[in-house]
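# What the coordinates show
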Amino acid sequence: MPRKRKASISAPDSKTEESTEEAPPSKQARSETSQTHTMESYPASKVYRLIEPGPVLLVSTGSLTSNTHNIMTIGFHTMLQHDSPALIGACIGPWDASFESLKSLGECVLAVPDASIAEKVVDIGNCSGDEVDKWSTFKLDAVPAETVQAPLVGGPGVIANIECVVVDRRMVSKYNMWVLKAVRAWLNPELKGQARMFHHRGDGTFVVDGEVLNLQERMVKWKEFQD
Ligand SMILES: Cc1cc2nc3c(=O)[nH]c(=O)nc-3n(C[C@H](O)[C@H](O)[C@H](O)COP(=O)(O)O)c2cc1C
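Per-chain numbering applies: the sequence of each chain, read as written, is numbered from 1 onward. Where local features are concerned, this predicted model is filtered to residues with pLDDT of at least 70; where side-chain atom pairs are given and counted, the filter is 80 or more; whole-chain, interface and lining totals use all residues. Side-chain measures were taken over the full set of non-hydrogen atoms in the model, leaving aside hydrogen atoms and water.

## With respect to the pairing of strand β7 (residues 107–113)
Think of it in three bands: residues with accessible area under 20% of the maximum for their type are buried, residues over 50% are exposed, and the middle band is partly exposed, with areas taken using a 1.4 Å probe on protein chains only. Only DSSP runs of H or I with at least four residues qualify as helices, and only runs of E with at least two residues qualify as strands; both kinds are numbered from the N terminus onward. Most of β7 is tucked away, with 7 of its 7 residues classed as buried. Of the two faces of β7, the one holding Glu-107, Val-109, Ala-111 and Pro-113 and the one holding Cys-108, Leu-110 and Val-112 are both buried throughout. Pairing between two strands requires that DSSP report at least two bridges joining them. Relative to strand β10 (residues 158–168), β7 is paired through 7 bridges, and the arrangement is antiparallel. Bridged to Leu-110 within β10 is Ile-162.

## Description of the site of the ligand
The local shell around the ligand holds 23 residues, among which Asp-96, Ser-98, Cys-127, Ser-128 and Gly-129 are the closest. A 3.5 Å cut-off defines polar contacts: any pair of N or O atoms within that distance qualifies, except that in protein one atom must be a possible hydrogen donor and the other a possible acceptor, and neighbouring residues in sequence count only when both atoms are side-chain atoms. A distance of 3.2 Å separates an oxygen atom of the ligand from a polar backbone atom of Gly-93. Using a 1.4 Å probe, accessible areas were evaluated by the Shrake-Rupley method; residue-level cover was limited to the displayed protein chains. Protein chains shield 87% of the accessible area of the ligand, which is 640 Å² for the free molecule. If you tally residues by element for the shell around the ligand, the top one is strand β4 (residues 70–74), at 5 residues. Residues of the shell around the ligand, tallied by class, amount to 11 nonpolar, 10 polar and 2 charged. Definition of nearness: a residue and a molecule or strand are near each other if at least one heavy atom of the residue lies within 4 Å of the molecule or strand. In this classification, Asp, Glu, Lys and Arg are treated as charged, Ala, Val, Leu, Ile, Met, Phe, Trp, Tyr, Cys and Pro as nonpolar, and every other residue, Gly included, as polar.

This is the structure in structure tokens:
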């Protein structure tokens with residue numbers, strides 16, 4: 001049971017919250033509103049459960065032509081750079097057979113699965129390509145990619161595929177973090193407007209995309225990302 005602990009952090013009072021509609025409060029005003037918070041302590045070792053953000057992904061590695069392709073599931077990944085080029089950080093560790101393929105070929109495909117195949121995606125992450133041919137076991141379509149040797153993941157339950165090459169390995173030995181450059185991307189037109197990604201909450205439970213909140217008009221500073 002987490003212990004309740006009081007700590008002194010600065011929190012805006014309701015008056016300040018109202019005023020943020022017009023202009024942010026001055027530094028002095030903020031220090032005058034310091035309060036004691038009422039939050040409960042949470043284990044720092046489990047913060048991934050609070051902020052594990054992106055959708056669950058499938059990672060295809062190896063080579064389709066030499067029949068060495070494999071597939072795994074990941075929840076730990078992050079966008080690192082928007083474009084020129086688009087960079088993605090993906091955490092893939094040596095406990096995965098896919099790690100060796102990624103190390104030797106330096107390429108992979110990130111596939112974004114729809115919630116309709118969530119059970120299959122979890123099963124793919126609960127066995128190893130060292131033991132089973134996951135493509136046939138899970139009836140996945142391996143489709144030739146354009147620029148990398150690993151296959152795209154076909155089929156109606158896949159929202160998108162991103163062909164990637166490894167561009168930075170400096171964080172692999174310390175964090176199992178591979179920096180990937182997106183070189184080609186594909187969208188499944190059949191799922192346009194109805195795709196639902198799903199997100200791991202870090203403990204075997206998942207959240208499925210729901211209501212869309214459109215705040216584009218308020219994103220006044222970031223219009224270039226709304227095309
Ligand atoms: C929901 C889910 C999320 C996962 N996230 C990751 C991850 O972010 N990084 C990782 O290395 N393994 C992750 N795994 C575990 C791999 O998918 C698992 O080790 C898989 O068996 C590796 O397959 P392979 O040995 O064929 O490469 C996850 C598994 C599941 C079910």
